[in-house]
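Structural overview
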Amino acid sequence: MKSTYRMLTRVPLFKLYRLIGWPRMLPLNVTLSPSPKCNSRCLTCNIWMKRENELTLDEWDKVLASLGDAPYWFTISGGEPLMYPNIVELAQLAYKHCRPGVINIPTNAILSSIPERVERIARSCPESQLIVNLSLDGVGPKHDVIRGIQGNFEKFETRLRQLMELRERLPNLAVGIHTVISSFNWKDISEIVRYADQSGADQFITEIAEPRVELDTVGLPITPNPADYSDAVDRVIAYVKGRSFKGIARITEALRIEYYNLVKRILEEKDQVIPCYAGWASAHIYADGSVWPCCVRADALGNLRAHGYDFKRIWFGSEITEVRRSIAARECHCTLANASYTNLLHHIPTLARVSAGLGASRLSGGEEKDKARQPPAVALPRSAPEPRSEEPRGQGERAFEWLDGFHHKMRKDDRYAEKALARYALGIKGKGAVEGVVAEPGPDCCEAASRLPHGRVYSPADAPRLPLPECSRERCDCVYRPAMRYADVHRADG
């Protein structure tokens, strides 16, 4: 298995690379999104409406070969990655060319074929740690409402049991539970934590719902406000501190606490807080071959099809220079978990706190997998305080205002309007949470755009075409966003 120690020895080199541009380094953390297709209809994500000209398996073979043994951590994401027809073969190609230390796959747990596919990946990638995290956004019917699929929670429990049985035969498989803390479930975190603690899973992790260009969620009120998130994540921190861990798990759990506290600061300060290494140490390869520094900004650094499937030609090319300048200048800030953990590994004060705390911390003793599943030492209240409002947060309380402006200014292809409207038409047809389309003028929009009715919800067939015919500028900076329906979530709480 690729050494964690060897990965950590590269940290000073990435710090130099970010500071002075030398030595040139390929990323150690790479996310692959082979397809946006998904069988969930989550209130916090719209990627399921997208359709792309996806890379073929032969194309992925060339891309992964160009990365060599640089990546330590691969996340195979989606959409729902385990409904991608060639998920097993893609993981095998990543293993063949890169021999990563970790292959991480999140899943919504819907498909009955998941255990069989996971077993094939684990057996054919024996020197990589395979981590499969099952999504859990609520207990019982609450999960089904947020995920948009009736019966999802029942399938989650079946899949969790199947994968834990599989874990007993596969030493390189770890099974976790993953929760997205959002405007819809922050007050239910104690209930979710108790469920996860009694589940027998190897780990329980959370991240925060955030707007992303990749997910088409820019401008949607899915992110809890700082006070609500802090209330929820403090319960998760209490749970982690109340358990005992051994070996590498002591370090990973200590880093998770650092991440949770980092998110609290980012939401409050609206700043990067610590330097971001997206575009240096972490990268994202999207389904159509686009290379991004991260999936929040989704800057178009180049398409692998246009660069001979050679990742290095994009990573060391000219397009990335301005993006790196922008990230280093802290023109963006986000809470993206995948990139944040990489950032924490490159932040000396964080590493010093983790190292100093390990000796005396309660994150010691016990078994790494903790098969006995001791209950948390910190008592968790049966229910969190009621939300301050029964409605999701409005547009004036966005946690990432910078992303709104960035979304308007980012380059869009010539068929942006047609493609966006087609996605939302698909969403409406699919009876998800989408009610229609809103045309949203940019901060410095033209006079024609400023005359559009504020907040009007159009059906895709009736929406104004962008650029607007009356626009006098070369490029109209309007964007489309979906109008979402949230009322069902609050009725389910009762």
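Owing to the predicted nature of the structure, the values given are computational and were not obtained by experimental measurement.

Some words on the nonpolar core
In terms of nonpolar packing, the biggest core is built from 124 residues, with Leu32, Val118, Leu130, Phe156, Ile285, Phe311 and Trp315 touching the most fellow members. With 10 residues, the top contributor of residues to this core is helix H10 (residues 248-269). Met49, Tyr416, Ala448 and Tyr480 belong to the second largest nonpolar core, which has 34 residues in total.

What about unusual backbone geometry?
Looking along the chain, the bond that leaves Trp22 and enters Pro23 is cis, with omega of -5°. Relative to the helices and strands, Pro23 is located in the loop between helix H2 (11-20) and strand S1 (29-32). That bond from Leu466 to Pro467 is cis: its omega, 0°, falls within 30 degrees of zero. Mapped onto the fold, Pro467 is located in the loop between helix H17 (447-450) and strand S10 (479-484). With a phi close to 55°, Asp216 is a non-glycine residue in the positive phi region. Relative to the helices and strands, Asp216 resides in the loop between strand S6 (203-208) and helix H9 (226-241). With a relative accessible area of 8%, Asp216 lands in the buried category.

Digging into the pattern of salt bridges
This model, assessed by the stated rule, comprises 29 salt bridges. Between Arg212 and Glu210 there is a salt bridge, with the nearest N and O atoms lying 3.2 Å from each other. With respect to class, Arg212 is no different from Glu210; both count as buried.

Re the confidence of the model for the protein chain
The predicted model of the protein chain averages 89 in pLDDT, with 90% of residues at 70 or higher. Note that pLDDT drops below 50 for residues 362-396; the model gives that stretch 76 contacts with residues more than four away or on any other chain. Below a pLDDT of 50 lies the segment residues 490-494, which in the model reaches 6 contacts outside its immediate sequence neighbourhood of four places, other chains included.

Comments concerning the state of the cysteines
Counted under the stated rule, the structure contains 0 disulfides. Here Cys42 stays unpaired: no disulfide links it, and the sulfur of Cys45, its closest cysteine neighbor, is 6.1 Å away. For Cys42, a relative accessible area of 8% translates into the label buried. Not engaged in a disulfide, the cysteine Cys445 finds its nearest cysteine sulfur in Cys446; these two sulfurs lie 6.0 Å apart.

Quick word on the sheet that holds strand S8 (residues 291-292)
Sheet architecture is open: 8 strands sit in the order S6-S5-S4-S3-S2-S1-S7-S8, paired in mixed fashion. Two strands close off the open sheet at either side, each with one partner strand: S6 and S8. Strand contacts of helix H3 (residues 57-67): S1, strand S2 (73-76) and strand S7 (282-285), with the helix running at about 170° to S7, the strand carrying the most contacts.

Quick look at a nonpolar patch on the surface
Together, Leu13, Leu16, Leu19, Ile20 and Trp22 give the surface a local cluster of nonpolar side chains, amounting to about 540 Å² of exposed area. Locating Leu13 in the fold gives a position in helix H2.

Overview of the pairing of S1
Along any regular strand the residues' side chains alternate between the sheet's two faces. A two-sided burial pattern is seen for S1, the buried positions comprising Asn29 and Thr31 on one face and Val30 and Leu32 on the other. Here 4 bridges tie S1 to S2, and the two strands are oriented parallel to one another. Along S2, the bridge assignment pairs Val30 with Phe74. For the handedness criterion, the β-α-β arrangement of S1, H3 and S2 is classed as right-handed.

Comments concerning the packing of H3 against helix H4 (residues 87-98)
Following both chains from N to C, one finds H3 and H4 inclined at 25°, their axes separated by 8 Å at the closest point. If you check the angle between H3 and H4, you find them roughly parallel. As for the relative orientation of H3 and H4, their crossing is right-handed in sense. In this structure, H3 uses Leu57, Trp60, Asp61, Leu64, Ala65 and Leu67 to contact H4, whose residues at the interface are Glu89, Leu90, Leu93, Ala94, Lys96, His97 and Cys98.

Description of the packing of aromatic side chains
As enumerated under the stated definition, the model contains 10 aromatic pairs in all. Centroid distance Phe153 to Phe156: 6.1 Å. Interplanar angle 15°. Geometry classified as stacked. Here the residue Phe153 and the residue Phe156 both occupy positions in helix H7 (residues 152-167), the gap between them amounting to 3 residues, near one helical turn. For Phe153, a relative accessible area of 12% gives the class buried. Measuring from ring centre to ring centre gives 5.0 Å for Tyr259 and Tyr341, while their planes differ by 35°; the resulting arrangement is tilted. Placement of the pair is Tyr259 in helix H10 and Tyr341 in helix H13 (residues 337-345), with a sequence separation of 82 residues. By way of ring pairs, the aromatic residues Phe153, Phe156 and Tyr195 are connected into one cluster. When the ring centre of Tyr277 is taken as reference, the NZ or CZ atom of Arg18 above it lies at 5.2 Å. The ring of Trp280 has Arg18 sitting right over it, with the charged end atom 4.9 Å from the ring centre.

Parameters at a glance
Residues numbered from 1 in each chain as written. Predicted model: local features only at pLDDT ≥ 70, side-chain atom pairs only at ≥ 80, totals over all residues. Heavy atoms only, no water. Core = buried A, V, L, I, M, F, W, Y, C linked by side-chain atoms within 4.5 Å. Buried < 20%, exposed > 50% of the residue type's maximum accessible area, 1.4 Å probe, protein only. Helix = DSSP H or I, 4+ residues; strand = E, 2+ residues; numbered from the N terminus. Salt bridge = Lys/Arg side-chain N within 4 Å of Asp/Glu carboxyl O. pLDDT = per-residue confidence, 0-100. Contact = heavy atoms within 4.5 Å. Disulfide = S-S within 2.5 Å. Pairing = 2+ DSSP bridges. Axes fitted to C-alpha atoms, helices over the stretch in contact; angles between N-to-C directions. Patch = residues over 30% accessible without salt bridge, like charges linked within 9 Å, V, L, I, M, F, W, Y side chains within 5 Å. Areas by Shrake-Rupley, 256 points an atom, 1.4 Å probe, with all protein chains shown as cover. Right-handed = clockwise from strand over helix to strand, strands pointing away. Parallel < 35°, antiparallel > 145°, perpendicular 65-115°, else oblique. Left-handed = near helix turned anticlockwise from the far one by under 90°. Phe/Tyr/Trp six-rings, centres within 6.5 Å; stacked < 30°, edge-to-face > 60°. Lys NZ or Arg CZ within 6 Å of the ring centre and 35° of its normal.

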